[in-house]
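# Fold and contact review
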Amino acid sequence: MLSRIAGAVVPVFCRLNVTTDAGAAPGAGSIIIANHTSLSDPVAVLAALRRLGTEPVVLAAAGLWRVPVLGRVLTREGHIPVHRHDPRAAQALQSARAALAAGRSVLLYPEGGLPHRRGAPPRPFHPGVFRLARSSGAQVVPLGQAGARALASGGSVEQVARVLTAPLRRPRLYVHVGAPLRLDGEQEQTRALSLARGALTRAWLTAAGRLGTPTLPGAS
């Protein structure tokens, strides 16, 4: 349902453009990693993935499950809460492996938070994506997005203003899906995470370049 809602709502609020590397559309049972720039990212990413024929299970901050109605919807649809800095954090990876084994794709944000500065490249990854890829054998698909900050960013008042005026402004959003890669057991964790981060950075730079968004020095 969330993917369907995102697919219907996003075109009202913005102009979404989706591109892929040749043959890079996520296959069933893929681990999809996306860069994080604002609270509106997940909606844009879900809409883009639905356009590509994928409706993933999402790993998201556990606090969302405390939101009335939303928490019940997330649970009913099989999305996975991530309890950071909590003994229950390991349960998220177990649930993600089960979803992959059942043929579902899994969407996660390996940075674990928003960037400190606008236009900054993806932050260093948490090791969970490597552990999940190694234990499941699933391919990792990098998805870069740019422009979601135009939907919701800044302080509370500014975020509300951006959302309310978005249907009039209809800002452009770009999503680019890069070629999949494998993070297998032969790779050392630091090296594997560096490869994955590099792939996601390239996908993000492609999306940002098409949008015309300035990027900070060192992003390439």
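In short, a report on the structure. (Residues numbered from 1 in each chain as written. Predicted model: local features only at pLDDT ≥ 70, side-chain atom pairs only at ≥ 80, totals over all residues. Heavy atoms only, no water.)

## A look at the overall build of the chain
When helices and strands are tallied, the chain shows seven helices and seven strands. Listed by position from the N terminus, the elements making up the chain come as α-β-β-α-β-α-β-α-β-α-β-α-β-α. The C-alpha radius of gyration of the chain comes to 16 Å, within 12% of the 17 Å expected for a compact globule of 220 residues. Seen through its principal axes, the chain has C-alpha atoms that stretch 50 × 40 × 30 Å. When the 220 residues of the chain are sorted by exposure, 45% land in the buried category. For the chain, the exposed area adds up to about 10,800 Å²; of that, 56% sits on carbon and sulfur atoms. (Helix = DSSP H or I, 4+ residues; strand = E, 2+ residues; numbered from the N terminus. Rg over C-alpha atoms; globule rule 2.2 N^0.38 Å. Buried < 20%, exposed > 50% of the residue type's maximum accessible area, 1.4 Å probe, protein only. Areas by Shrake-Rupley, 256 points an atom, 1.4 Å probe, with all protein chains shown as cover.)

## Points about helix α1 (residues 2-13)
Between its terminal C-alpha atoms α1 stretches 16 Å, which fits the 16 Å expected from twelve residues at 1.5 Å a residue. The elements touched by buried residues of α1 are β1 (15-20) and α2 (41-51). (Expected span 1.5 Å × (residues − 1). Contact = heavy atoms within 4.5 Å.)

## Brief notes about the sheet that holds strand β3 (residues 57-61)
Strands sit in the order β1-β7-β6-β2-β5-β3-β4 across an open sheet of seven strands; the sheet is mixed. Each of the sheet's edge strands pairs with one partner strand only, and the pair in question is β1 and β4 (80-82). Neighbour to neighbour, the strand axes of the sheet diverge by 25° on average, direction disregarded. Seen against the sheet, helix α5 (residues 128-136) touches β2 (31-34), β5 (106-108) and β6 (140-146) and runs at an angle of roughly 165° to β2. Sitting on the sheet, helix α7 (residues 189-211) touches β1, β2, β6 and β7 (172-177), and the angle it makes with β6 is about 30°. (Pairing = 2+ DSSP bridges. Axes fitted to C-alpha atoms, helices over the stretch in contact; angles between N-to-C directions.)

## Side note on unusual backbone geometry
Positive phi, normally seen in glycine, also occurs at Arg 170, with a value near 45°. Among the structural elements, Arg 170 can be located in the loop between α6 (156-169) and β7. Using a relative accessible area of 31% as the deciding quantity, one classes Arg 170 as partly exposed.

## Thoughts on the pattern of salt bridges
Pairing between side chains of opposite charge can happen when their charged atoms approach one another. Within this structure, the stated rule accounts for one salt bridge. With its nearest N and O atoms 2.9 Å apart, the salt bridge here joins Glu 55 to Arg 50. Among the residues examined, Arg 50 registers a relative accessible area of 35% and is labelled partly exposed. (Salt bridge = Lys/Arg side-chain N within 4 Å of Asp/Glu carboxyl O.)

## Points about the environment of Ala 61
Structurally, Ala 61 can be placed in strand β3. By relative accessible area, Ala 61 is classed as partly exposed at 32%. Ala 61 sits 47 residues away from Cys 14 along the chain, and the two C-alpha atoms are 25 Å apart. Contacts of Ala 61, omitting those with residues within four sequence positions, involve Val 82 and Arg 84.

## Let's talk about the packing of α5 against α7
In contact at an axis separation of 10 Å, α5 and α7 are set at 100° when each is read in the N-to-C sense. On the basis of the axis angle, α5 is roughly perpendicular to α7. Mapping the contact onto sequence places Val 129, Phe 130 and Arg 131 in α5 and Gln 189, Ala 192 and Leu 193 in α7. Across the contact of α5 with α7, the residue classes tally to four nonpolar, one polar and one charged. (Parallel < 35°, antiparallel > 145°, perpendicular 65-115°, else oblique. Nonpolar A, V, L, I, M, F, W, Y, C, P; charged D, E, K, R; others polar.)

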